[in-house]
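Per-entry structural report
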Amino acid sequence: MNQYFCTNRNNYYQNEVEQVLISRKPEILDFFNVIDDGRFNFNIFIYDTIGELVDSMKSRGFDKMPDYMCACYKDEDNSLNFFEPKDNPTETEWGKEEYKNVIFHEEIHGIQNILYGNQPEWLTEGVAKYLDGTYSRGIRFLLDEYVNKTDIPSMYELENEFGMHEYDSYDYAYLMVSYLIESLGKDYFLVALKSKDIIKELSKDLVIKSVEYYNEKMFNVDGKGR
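Calculation rules
- Residues numbered from 1 in each chain as written.
- Predicted model: local features only at pLDDT ≥ 70, side-chain atom pairs only at ≥ 80, totals over all residues.
- Heavy atoms only, no water.
- Helix = DSSP H or I, 4+ residues; strand = E, 2+ residues; numbered from the N terminus.
- Buried < 20%, exposed > 50% of the residue type's maximum accessible area, 1.4 Å probe, protein only.
- Contact = heavy atoms within 4.5 Å.
- Lys, Arg positive; Asp, Glu negative; His and termini not counted.
- Charge placed at Lys NZ, Arg CZ, Asp CG, Glu CD.
- Salt bridge = Lys/Arg side-chain N within 4 Å of Asp/Glu carboxyl O.
- Phe/Tyr/Trp six-rings, centres within 6.5 Å; stacked < 30°, edge-to-face > 60°.
- Lys NZ or Arg CZ within 6 Å of the ring centre and 35° of its normal.
- Pairing = 2+ DSSP bridges.
- Axes fitted to C-alpha atoms, helices over the stretch in contact; angles between N-to-C directions.
- Parallel < 35°, antiparallel > 145°, perpendicular 65-115°, else oblique.
- Nonpolar A, V, L, I, M, F, W, Y, C, P; charged D, E, K, R; others polar.
- Right-handed = clockwise from strand over helix to strand, strands pointing away.
- Left-handed = near helix turned anticlockwise from the far one by under 90°.

1. Structural notes on the overall build of the protein
Per the secondary structure count, the protein includes ten helices and four strands. Oriented by its inertia axes, the alpha-carbon framework of the protein measures out at about 55 × 40 × 30 Å. When each of the 226 residues of the protein is scored for burial, the buried share is 46%. Within the protein, residue pairs in contact and separated by at least 24 positions form 69% of the contacts whose partners lie at least 6 positions apart. Across the protein, the 24 positively charged side chains and the 42 negatively charged ones have centroids separated by 2 Å.

2. Re the pattern of salt bridges
In the structure shown here, the tally under the stated rule is twelve salt bridges. Of the charged contacts, one joins R9 and D48 as a salt bridge, the two residues approaching to 3.9 Å between their closest N and O atoms. Of this pair, R9 sits in the loop between β1 (3–6) and α1 (13–32) while D48 is found in the loop between β2 (43–47) and α2 (50–59), placing the two residues 39 residues apart along the sequence. The shortest N-O distance in the salt bridge between K100 and E97 comes to 3.3 Å. Taken together, the positions of K100 and E97, both in helix α3 (residues 96–116) and three residues apart, correspond to about one turn of that helix. Sharing partners across several salt bridges, the network here consists of R9, D48, E84, D87 and K96.

3. A look at the packing of aromatic side chains
Here the distance between the centres and the angle between the planes together describe a pair of aromatic rings. Taken as a whole and judged by the stated rule, the model has 15 aromatic pairs. The interplanar angle of 80° and the centroid separation of 4.9 Å between the aromatic rings of Y213 and Y214 together place this pair among those described as edge-to-face. Taken together, the aromatic side chains of F31, F32, Y116 and Y130 make up a single cluster linked through ring pairs. Residue placement shows R60 over the ring face of F45; its charged tip is 3.7 Å from the ring centre. Its guanidinium or amino end placed over the ring of Y170, K129 lies 5.3 Å from that ring's centre, counting from NZ or CZ.

4. Topic: the sheet that holds strand β4 (residues 79–83)
An order of β1-β2-β4-β3 is seen for the four strands of this open sheet, with the pairing classed as mixed. Looking at the sheet topology across the chains shown, the edges are occupied by β1 and β3 (72–74). Averaged over all pairs of adjacent strands, the angle between strand axes in this sheet comes to 20°, irrespective of strand direction. Relative to β4, β2 runs parallel, the two sharing five bridges. Bridging from a neighbouring strand, I46 pairs with F82 of β4.

5. Section: the packing of α1 against helix α8 (residues 186–193)
Packed helices, taken two at a time, are described by the angle their axes make and the gap between the axes. Relative to each other, α1 and α8 sit at 90°, their axes nearing to 9 Å. By the angle between their directions, the pair α1 and α8 is classed as roughly perpendicular. Residues D30, F31 and F32 of α1 lie in contact with α8, whose contacting residues are K186, F189, L190 and L193. Of the residues belonging to the contact of α1 with α8, the class tally is five nonpolar, no polar and two charged.

6. What to know about the pairing of β2
Judged by how many residues are buried, β2 sits mostly within the fold: four of five residues are covered. Where β1 and β2 come together, four bridges link them in parallel fashion. Bridge pairing in β2 links Q3 to N43. Each parallel crossover has a hand, and the one from β1 via α1 to β2 is left-handed.

7. A word on the packing of α1 against α3
Where α1 meets α3, the closest approach of the two axes is 8 Å, and the angle between their N-to-C directions is 50°. Judged by the inter-axis angle, α1 sits oblique to α3. In the packing of α1 onto α3, the handedness of the crossing is right-handed. Touching Y13, E16, V17, V20, L21, R24, K25, E27, I28, L29 and F32 of α1 are K96, Y99, K100, N101, I103, F104, E107, I108, I111, Q112, L115 and Y116, all from α3. In terms of residue class, the contact of α1 with α3 is made up of 14 nonpolar, two polar and seven charged.

And the structure:
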């Protein structure tokens, strides 16, 4: 059973969070091909605002929080950490309906960590983005609108400096995981997740391989749209 830590303002919001976690969990377990055996429960913290979320995470010892963070999973205490969006948000603020997908995204991280332990961020974010529907417009759109308009980053950056550059690291994480699932087949991809050595070997030049693969597939051109 999940354990909740909420302020007075968002005690009732935990019911909405719990409903998302329960209703979306089967999709995650189906992807990983596992059954719900009682392992997949979390400590869940809900804060009033994004600012309180960030400040409270720091006070709990998590001092390296990116500026864009609106939720996170922390394996150190097996926690899912959220804030409660406003009922009437502005155009630049999170609304409760769209935030449901953030809750789902973090649940994916939590279940993947329970199953496989710590893994590279490009891999965990890639899996979460593969499942959460962020790229519903498809890989062709992603290549056209973003990836092929910039230089391809290095694997070193994506492995060691994820989210620290101007380009969107999540775009490349999604492409790499999509490429691995498509080229290996999902069954072997799940086997690979169990082995750090296999993942290390697969990650060699993976960002270039994935971009070139999809450019060839979508446009019959090389990795930079030529």
